[in-house]
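Chain by chain, the residues:
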Amino acid sequence: MMHLRRYACAIAVAVLAAVAAAAAGVAVAAPAAAGECRFTDTPIVVDGRADEAAWQEAAGLPPNAIVAPAATSQSVKLLWDRESLYLLARLGGPQEPGERGSLSLLLVPGVDQPAAYEFRVTAAGATSAAFLPGGGKEPVRAAAPRVQAATVADAGGWTVEMRVPWTACMDTGGRPEPGTSWRLAVVSGPPAAATPEPPAADRVAAIRFDGPPAVNPSRPYGIPTLVPVTTSKLTGSPDPPLPYTVERVLPLARVPCPIVVAHQPGSDRLLYATEPRGYKPSQLMRMRDDPESFEPETLLAEDGHIHYSICFHPQFAANGYVYVGSNGPRDPGAKEKVTRITRYVIDREPPYAFHPESARIVIEWESDGHNGGDIAFGPDGMLYVTSGDGSSDSDQKLTGQDLSRLQAKVLRIDVDHPDPATAGDRRLYGVPADNPFVGVPGARPETWAYGLRNPWRMTIDRESGQIWVGNNGQDLWEQVYLIERGANYGWSVMEGGHPFDLDRKRGPTPILSPTAEHSHSEARSLTGGIVYRGRRLPELRGAYIYGDYSTGRIWGIRHDGKKVTWHEPIADTQLQITCFATDANGEILIADHQVGTGGGFYTLIPRPAAGPAAPFPRRLSETGLFASIPDHRMVPGVIPYIVNSPLWSDGTHKARFFVLPNRTDADGNTVPATIFTMPARGWQFPDGSVLVKSFAIDAVEGDPATRRWIETRFMLKEQGEWAGYSYEWNDDQTDAVLVESPGKDRDFTIRTTDLDRNPDGVRTQTWHYPSRTECMVCHSRASNYVLGLCTVQLNRDFDYAATLGAGHATDNQLRTYEHLGILAVPWSVEARLAEAARDREAAAGQAAAAQPGSGPTADDFLSLQPTGKESKLLALRPEDYKRLADPHDASQPLGLRAQSYLQSNCASCHVYAGGGNAMFDLDTVDPFRVATASETRAVDALPMHHTFGLPDARIIAAGHPERSVLLTRVSRRGPGQMPQLATAIVDEKAVALLRAWIESLPPAAPDAADAALK
């Protein structure tokens, strides 16, 4: 066998030498004519039998590419699909086991690639692999666990069938694209005694990878060809643009998940802290405020605390004090969490050494959720500190109105004159004598104001002394407060200016209303901001500029000390805003919390002037997308679609379409642009895309003949931002008119046979046309804005002929899009996810029970960049991707139906960073795996908000629907209903489905709920 190994390596060397010589312009013998590797869309079972029809149609490998001993005959065929390369070799010659040797495939990924791979199989079926990087580098040998092979011997020789997954070629980018050529040679090993000479360079064959057929009579495509849409008039906005936008500053500092940033006085340095996804421990870092460089310096490594805030002492130039707010365990290994303000020392001269050993705890308090922890010095020299209510639920510890504790407040302390009596008591401050509750029995004297849920960011204007706080609301409202001395802001009796739990005990002072508040239709997690005193935007000087984490919107507000004099939205961004700060010049810095290279730092700039804009269509007939309004027929090129698990829309009928913008291809042709298929949640559509959804209602309940259209909604993407618009249909069904920005309600009279509920045979159905801002509550950043247009929803058949007419067929939607060339697939990411999911399933099958959460999910890879360019081909066959179930299809597993309903109706909010005020995740089905019910973190979990009087309430009480808050919310309309928006009628079928599913969950072992999916 050593002779064979030397032989195979010699051939590899010859392959690489031939490629290198060609690249250098050295004349070499011409390779054989390009062979063909045909694409197969049917599964190949590697069993050595080669009885699939695809093998009968496969082309043979050019003879020049086959290297075998003189006494051995050989023929080779190749096939490929989305996941693998397949080889079928028939070898003739000696049949004794010790003489059959082995077969090696030498694969060069491209015609000018300096690297190669060797995949080898012995006659006994053992496989091995090697990466041959070239350039004199040693081969990298590796096991080949995913290379499959089977050998079958008979009287005339032996047959080898081998599968090489494209992920085995990841070192050079992975899978080829249709129409590209690679080079290869196949080497059959001789008996051990023989040592043949390596082949000449012309033994290396060029192999062209054929793609899926353009026409497939045996399985027609749903849309044979796609006509570019050129008539769309949907561009711009009917509303005037907001005056500001954002642009990235410090472009090299693409920091993942920055949570706070602050300028170090007297220097060109910025301190910042990171919070990696998943709330892992953060790091305190420092960098230069320099757009030309990024050399981050670690000041505090991971220590179990998340660093929330950074503040420099007013006399920093003299004392070097910097204060850091954080949350984490009280002591190493402790379970109790505290929010803590810690003082450190920084040298005032370059290189500005940071001294971790100088740490002194200033103040801390117990807190495990809604931590606050922001800090700022006032003009009076006092340090102001925010604290949240200390819990992750509805002020369960009742700290909001309790003056005896430090939580839920703005605190005011004197760090320059600590009380000697408290030295060593984890505090380094004194209490100012003029604090409002000094001397009040039972009150913490540090209190400046109270009744705050989670005051996330606080700023104190150096000129006016105004103290502004952005406060995270709970169910419906977000608040901004201009803090007054001794004020009570109501939490948790009130949520902003609205009742929350009026039965709770109130504090001793009257409850004040917020300075400004925002409903959850326009803000979901208010960050707060700063008072701007810079030079570049003089029109904003003195205004409090603040933003929202979930929506990316930014507002400005002015207050003259008595009343609000101006309050307007000024920018709409795609940022996840965690902090506003200022740079060395006093100009705005905005920390963007996005993962991967998406995060970093931005500033606010005036929106560039634009030329005259085309008028936005005020009627449906003016949009250019309808060939016939009365027939609801779209122009050619508009693509209809359907989803597996639809959003409940009060029983209406829906029609869905999308329109892609056009681009010019390499040949100068106008073709539709492509969609980036995100490995989880919504796909990434290009600018200029339009999503269309129309709603119809039956005037006679259950009679489609009486169906009438009532609304058409558009989602339009421009400059990286989505916006939603609604059109109200007229009674004649001849057109629809644009609904103004605030939205509207309209009542429809429906004839019904349900005389028990409606004795007169009619009922009134109220339909809500959403406001512009309401559209973006569900179409959130966390869901990637588009909801139904994702792999798990679109992976199903669609009857294109019924919608588009003759010449079309019923086909899987993913297969249709792949055929049309409108997909850009992050192949390498999806292929790794598929392999990880299969490993996880195999491990679960071998174990007594699956380990919930083991192995990566698609959500884990949202921030990954593909290792190679995007592919036009799907990573898997459509039938190999997971999909949501129709919730009302009784043939599907009960658990999958229930989780599909929750994913399509609830997960736009109840997902990581989705804006839902509950710490569970209902996005449980991705294209590669279905999570267990317990992985939602909702099964047998305590509710964070209302319990509705349920006994021993849980979000989902396994086996007990009567104790399940989720079911109660879905079963009601009005306060506490779910979904919150755009529905006035209970989905009775969904209630029955969820009740049956919850009953099926084993009460004693919530992890076993996974059995309901199987």
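Residues numbered from 1 in each chain as written. Predicted model: local features only at pLDDT ≥ 70, side-chain atom pairs only at ≥ 80, totals over all residues. Heavy atoms only, no water.

### As for the overall build of the protein
Of the regular secondary structure elements, the protein holds 11 helices and 56 strands. Expressed as a percentage of its 1014 residues, the buried residues of the protein come to 55%. Put simply, 61% of the contacts in the protein that link residues at least 6 apart link residues at least 24 apart. Accessible surface, the protein: about 41,100 Å² in total, of which carbon and sulfur atoms supply 52%. (Helix = DSSP H or I, 4+ residues; strand = E, 2+ residues; numbered from the N terminus. Buried < 20%, exposed > 50% of the residue type's maximum accessible area, 1.4 Å probe, protein only. Contact = heavy atoms within 4.5 Å. Areas by Shrake-Rupley, 256 points an atom, 1.4 Å probe, with all protein chains shown as cover.)

### Side note on the sheet that holds strand β23 (residues 383-387)
Strand order in this open sheet of 4 strands is β22-β23-β24-β25, and the pairing throughout is antiparallel. The sheet is open, and its two borders are formed by β22 (372-377) and β25 (447-450), each paired with just one other strand. The sheet shows a mean angle of 15° between the axes of neighbouring strands, direction not considered. Of the pairings in the sheet, the one linking strand β24 (residues 409-413) to β25 comprises 3 bridges and is antiparallel in character. Within β25, the residue paired with L411 across the bridge is T447. (Pairing = 2+ DSSP bridges. Axes fitted to C-alpha atoms, helices over the stretch in contact; angles between N-to-C directions.)

### Concerning the pairing of strand β19 (residues 321-329)
Burial analysis of β19 places 7 of its 9 residues in the buried class, the great majority of the element. As paired elements, strand β18 (residues 306-312) and β19 share 6 bridges and run antiparallel to each other. Counted as the bridge partner of S309 is G325 from β19. Of the strand pairs in this sheet, β19 and strand β20 (residues 337-346) are connected by 9 bridges, and their pairing is antiparallel. Note that in β20 the partner of S326 across the bridge is R340.

### A short note on the pairing of β22
Across the 6 residues that make up β22, a large majority, 6, are buried. In the sheet, β22 pairs with β23 via 4 bridges, with the strands oriented antiparallel. Bridge pairing in β23 links G372 to S387. In textbook terms, the turn of a hairpin is the stretch between consecutive antiparallel strands, and for β22 and β23 this stretch comprises 5 residues, one of which, G381, has a positive phi near 85°.

### Some thoughts on the environment of G48
With respect to the helices and strands, G48 occurs in the loop between β1 (35-39) and α2 (53-57). Counting along the chain gives 114 residues from G48 to M162, while the straight-line C-alpha distance between them is 8.2 Å. Ignoring sequence-local partners within four residues, the contact set of G48 consists of A150, V152, T159 and E161.

### A closer look at the sheet that holds β19
A sheet is described by the order of its strands in space; here 4 strands give the open sequence β18-β19-β20-β21, paired in antiparallel fashion. Both outer strands of the open sheet, β18 and β21 (354-366), are each paired with one neighbouring strand and no more. Across this sheet, the average inter-strand angle for adjacent strands is 25°, counted without regard to direction.

### Digging into empty space enclosed by the protein
In the structure shown here, the tally under the stated rule is 3 cavities of 30 Å³ or more. Considering only enclosed or pocket space, the second largest cavity measures out at about 50 Å³ in volume. In this structure, the second largest cavity is lined by 13 residues; those nearest its centre are N471, Q479, Y481, W491 and G496. For the lining of the second largest cavity, the class distribution of residues is 5 nonpolar, 6 polar and 2 charged. (1 Å grid on protein atoms, 1.4 Å probe; cavity = no way out; pocket = protein on both sides within 12 Å on 5 of 7 lines; lining within 4 Å. Points joined across faces, edges and corners; volume = space filled by probe spheres on them. Nonpolar A, V, L, I, M, F, W, Y, C, P; charged D, E, K, R; others polar.)

### Quick word on the pattern of salt bridges
Inspection of the entire model under this criterion finds 50 salt bridges. In this structure, the salt-bridge partner of D41 is R82, at a minimum N-O distance of 2.7 Å. Placement of D41 in the loop between β1 and α2 and of R82 in the loop between β3 (74-80) and β4 (84-92) is noted, with a sequence separation of 41 residues between them. For D41, a relative accessible area of 22% gives the class partly exposed. Taking the relative accessible area as the measure of exposure, R82 reaches 2% and is therefore buried. In this structure, the salt-bridge partner of R746 is E728, at a minimum N-O distance of 3.0 Å. Placement of the pair is R746 in strand β50 (residues 744-751) and E728 in strand β48 (residues 721-729), with a sequence separation of 18 residues. Across the pair, E728 and R746 agree in class, each one buried. Here the residues in one salt-bridge network are D41, R82, R219, D811, R815 and E818, joined through shared partners. (Salt bridge = Lys/Arg side-chain N within 4 Å of Asp/Glu carboxyl O.)

### Regarding the packing of aromatic side chains
Within this structure, the stated rule accounts for 31 aromatic pairs. Measuring from ring centre to ring centre gives 4.7 Å for W491 and F500, while their planes differ by 45°; the resulting arrangement is tilted. Using a relative accessible area of 3% as the deciding quantity, one classes W491 as buried. When the centroid spacing of 5.8 Å and the interplanar angle of 75° are considered together, the rings of F658 and F685 count as edge-to-face. Of the two residues, F658 sits in strand β42 (residues 653-659) while F685 sits in the loop between β45 (675-676) and β46 (690-698), which places them 27 residues apart along the sequence. (Phe/Tyr/Trp six-rings, centres within 6.5 Å; stacked < 30°, edge-to-face > 60°.)

### Looking at helix α7 (residues 813-820)
Most of α7 sits inside the fold, with 7 of its 8 residues counted as buried. Along α7, the residues that are buried comprise Q813, L814, R815, T816, Y817, E818 and L820. Where α7 starts, the residue carrying a side-chain oxygen 2.8 Å from the main-chain nitrogen of L814 turns out to be N812. (Polar contact = N/O pair within 3.5 Å; in protein donor to acceptor, adjacent residues only side chain to side chain.)

### A closer look at the nonpolar core
F119, F658, F685, Y817 and I822 are the most contacted members of the largest nonpolar core, which totals 74 residues. With 6 residues, helix α8 (residues 827-846) is the single largest residue contributor to this core. Discounting chain neighbours no more than four positions away, the residues touching F658 are V638, I639, Y641, I675, F685, V690, L691, L789, Y817 and I822. Grouped together as the second largest cluster of nonpolar side chains are 33 residues, L250, A273, F354 and W456 included. (Core = buried A, V, L, I, M, F, W, Y, C linked by side-chain atoms within 4.5 Å.)

### Remarks on the environment of G325
With respect to the element layout, G325 can be found in strand β19. In this structure, the C-alpha to C-alpha distance between G325 and E364, residues 39 residues apart in sequence, is 9.4 Å. Contact partners of G325, with chain neighbours within four places excluded, come to I306, H307, Y308, S309, R340, I341, G373 and I375.

### Side note on the packing of helix α9 (residues 894-906) against helix α11 (residues 988-1000)
Relative to each other, α9 and α11 sit at 130°, their axes nearing to 9 Å. Taken together, the axis directions place α9 and α11 in an arrangement best described as oblique. For the pair α9 and α11, the sense of crossing is left-handed. Residues L894, G895, R897, A898, Q899, Y901 and L902 of α9 form the contact with α11, whose own contacting residues are A990, L993, L994, A996, W997 and S1000. (Parallel < 35°, antiparallel > 145°, perpendicular 65-115°, else oblique. Left-handed = near helix turned anticlockwise from the far one by under 90°.)

### Re the confidence of the model for the protein
When pLDDT is averaged along the protein, the result is 87; 87% of the residues meet or exceed 70. Of the regions scoring below 50 in pLDDT, residues 1-8 engages in 25 contacts with residues more than four places distant in sequence or in other chains. The low-confidence segment residues 95-99, where pLDDT is below 50, has 9 contacts with residues more than four positions distant or belonging to other chains. (pLDDT = per-residue confidence, 0-100.)

### Describing the side chain of T167
Inspection of the secondary structure puts T167 in the loop between β10 (157-165) and β11 (181-188). Judged by relative accessible area, T167 falls into the buried class, the value being 17%. Only 2.5 Å separates the side chain of T167 from the side chain of E835, close enough to count as a polar contact. What T167 contacts, discounting residues up to four positions off in sequence, is R146, W827, A831 and E835.

### Describing α11
Its 13 residues give α11 an end-to-end C-alpha distance of 19 Å, which sits within 8% of 18 Å, the value for a rise of 1.5 Å per residue. In this fold, the buried residues of α11 make contact with α9 and α10 (965-970). (Expected span 1.5 Å × (residues − 1).)

### Quick notes on the environment of D402
Structurally, D402 is set in the loop between β23 and β24. For the pair D402 and K505, spaced 103 residues apart in sequence, the C-alpha separation works out to 8.7 Å. A distance of 2.6 Å separates the side chain of D402 from the side chain of S404, its partner in a polar contact.

### A word on the side chain of Q401
Mapped onto the elements, Q401 comes out in the loop between β23 and β24. Of the polar contacts made by the side chain of Q401, one reaches the side chain of N488; its length is 2.9 Å. Residue contacts for Q401: discarding those within four places in its chain leaves Y450, G451, N488, G490, W491, S492, V493, K505, R506 and G507.

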